[in-house]
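Tertiary structure, described
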Amino acid sequence: MNEKVVELLNAQVNKEFFSAYMYLGVSQYYTRQNLPGFASWYMIQAQEEQEHAMKFYNYLVDNDVLVELSQIIPATSDYKDPLAAAKAADKHEHYITAEIEKIMDAAVKDKDYRTQLFLNWFITEQEEEERNSKDMIAKIEMIGNDNKGLYMLDKELGERKG
Ligand SMILES: [Fe+2]
Ligand SMILES: [Fe+2]
């Protein structure tokens, strides 16, 4: 594999683990707010991010690359309100989409068809992630200051299984 493609794929392992960290922070924030459904939804999201990290990791290992396990930057559990947490998650997913597109650009430039095929899964996944984070913002905005609405949404989010 091309050096640039390897470098970007390796960096993405770290970014996906940071995503897991970020969602753990959001989950913990909601636990503190006595919203267990939100907390559980974001905990599942954090688990999903670890799976993303491992997909990149395994792809590299399968291609005989020694993966560099660099330091993960700290994540916050401190948000102003539920809307701020949801907006942070949405912003982060857009960032991740852009990063994956950068890897795709490098793979296309290098005519690395195998990596392009591998990345297709993530292109589709990011569409889902952006839709989920956008929906979350819309729901929280709809609720406004209605505590009953927040309670109902918390129950709904608590039903997420995977
Ligand atoms: Fe991810
Ligand atoms: Fe997802």
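Structure: see above.
Calculation notes
Residues numbered from 1 in each chain as written. Chains lettered and ligands numbered in written order. Predicted model: local features only at pLDDT ≥ 70, side-chain atom pairs only at ≥ 80, totals over all residues. Heavy atoms only, no water. Core = buried A, V, L, I, M, F, W, Y, C linked by side-chain atoms within 4.5 Å. Buried < 20%, exposed > 50% of the residue type's maximum accessible area, 1.4 Å probe, protein only. Helix = DSSP H or I, 4+ residues; strand = E, 2+ residues; numbered from the N terminus. Contact = heavy atoms within 4.5 Å. Donors = N, O, S within 2.8 Å, 3.2 Å for Na, K, Ca; no water. Tetrahedral: all angles 85-135°; square planar, octahedral: opposite > 155°, others 65-115°. Lys, Arg positive; Asp, Glu negative; His and termini not counted. Salt bridge = Lys/Arg side-chain N within 4 Å of Asp/Glu carboxyl O. Expected span 1.5 Å × (residues − 1). Polar contact = N/O pair within 3.5 Å; in protein donor to acceptor, adjacent residues only side chain to side chain.

1. With respect to the nonpolar core
- Counting 23 residues, the largest nonpolar core has Met22, Val26, Tyr30, Phe38, Tyr42, Met136 and Ile140 as the members making the most contacts within it.
- Secondary structure elements with two or more residues in this core: α1 (3-32), α2 (36-62), α3 (82-109), α4 (113-143) and α5 (147-157).
- Looking at this core element by element, the count peaks at six residues for α1.
- With sequence-adjacent residues up to four places away left out, Phe38 is seen in contact with Tyr30, Met136, Ile140, Leu150, Leu153, Asp154 and Leu157.
- With 18 residues, the next largest nonpolar core counts Leu8, Val13, Ile100 and Leu119 among its residues.

2. Topic: the environment of Tyr29
- Take Tyr29: it is sitting in helix α1.
- Through-space distance from the C-alpha of Tyr29 to that of Ala39 is 7.6 Å; in sequence the pair is ten residues apart.
- With residues near it in sequence (within four places) discarded, Tyr29 still touches Ser77, Tyr79, Lys80, Asp81, Pro82 and Ala85.

3. Here we look at the coordination of the iron ion (ligand 2)
- Around the iron ion (ligand 2), the donor atoms from the protein are Glu48 (OE), Glu125 (OE), Glu128 (OE) and Glu129 (OE), and they sit 1.9 to 2.6 Å away.
- Each of the four donor atoms around the iron ion (ligand 2) contributes to a set of angles spanning 85 to 158°, which defines the coordination as irregular.
- Mapping the donors of the iron ion (ligand 2) onto the primary sequence gives the spacing E-x76-E-x2-E-E. On the criterion of sequence distance, the pair formed by Glu48 in helix α2 and Glu125 in helix α4 is long-range, its members being 77 residues apart.
- Given the relative accessible area of 10%, Glu125 is considered buried.

4. Concerning the side chain of Glu129
- Structurally, Glu129 can be placed in helix α4.
- No salt bridge is formed by the buried Glu129. Its closest oppositely charged neighbour is Arg160, at 5.8 Å.
- With residues up to four places along the chain from it excluded, the contact list for Glu129 reads Gln45, Glu48, Glu49, His52 and Glu93.

5. A look at α1
- Between the first and last C-alpha of α1 there are 44 Å, a value that for 30 residues agrees with the 44 Å anticipated at 1.5 Å per step.
- Looking at where α1 begins, the residue whose side-chain oxygen comes 2.8 Å from the main-chain nitrogen of Lys4 is Asn2.
- Where α1 terminates, the next one or two residues include Asn34, which has phi positive at roughly 60°.

6. Here we look at the coordination of the iron ion (ligand 1)
- Coordination sphere of the iron ion (ligand 1), protein contribution only: Glu16 (OE), Glu49 (OE) and His52 (ND1), at 2.1 Å.
- The motif formed by the donor residues of the iron ion (ligand 1), counted along the single chain, is E-x32-E-x2-H. Residue Glu49 and its partner His52 are located together in helix α2, separated by three residues, close to a single helical turn. Of the two residues examined, Glu49 and His52, each falls in the buried class.

7. Structural notes on the side chain of Asn10
- Relative to the assigned elements, Asn10 resides in helix α1.
- Ignoring any residue separated from it by four or fewer positions in sequence, one finds Asn10 in contact with Leu60, Leu66, Val67 and Glu68.

8. A short note on the pattern of salt bridges
- Tallied over the full model, the rule gives six salt bridges.
- Residue Arg160 is joined to Glu48 by a salt bridge in which the shortest nitrogen-to-oxygen separation is 3.1 Å. Taken together, the positions of Arg160 in the segment after α5 and Glu48 in helix α2 put the pair 112 residues apart, joining distant regions of the chain.
- Look at Arg160 and you get buried, because its relative accessible area is 15%.
- In this structure, the salt-bridge partner of Glu99 is Lys102, at a minimum N-O distance of 2.9 Å. With Glu99 and Lys102 both in helix α3 and three residues apart, this pair spans about one turn of that helix.

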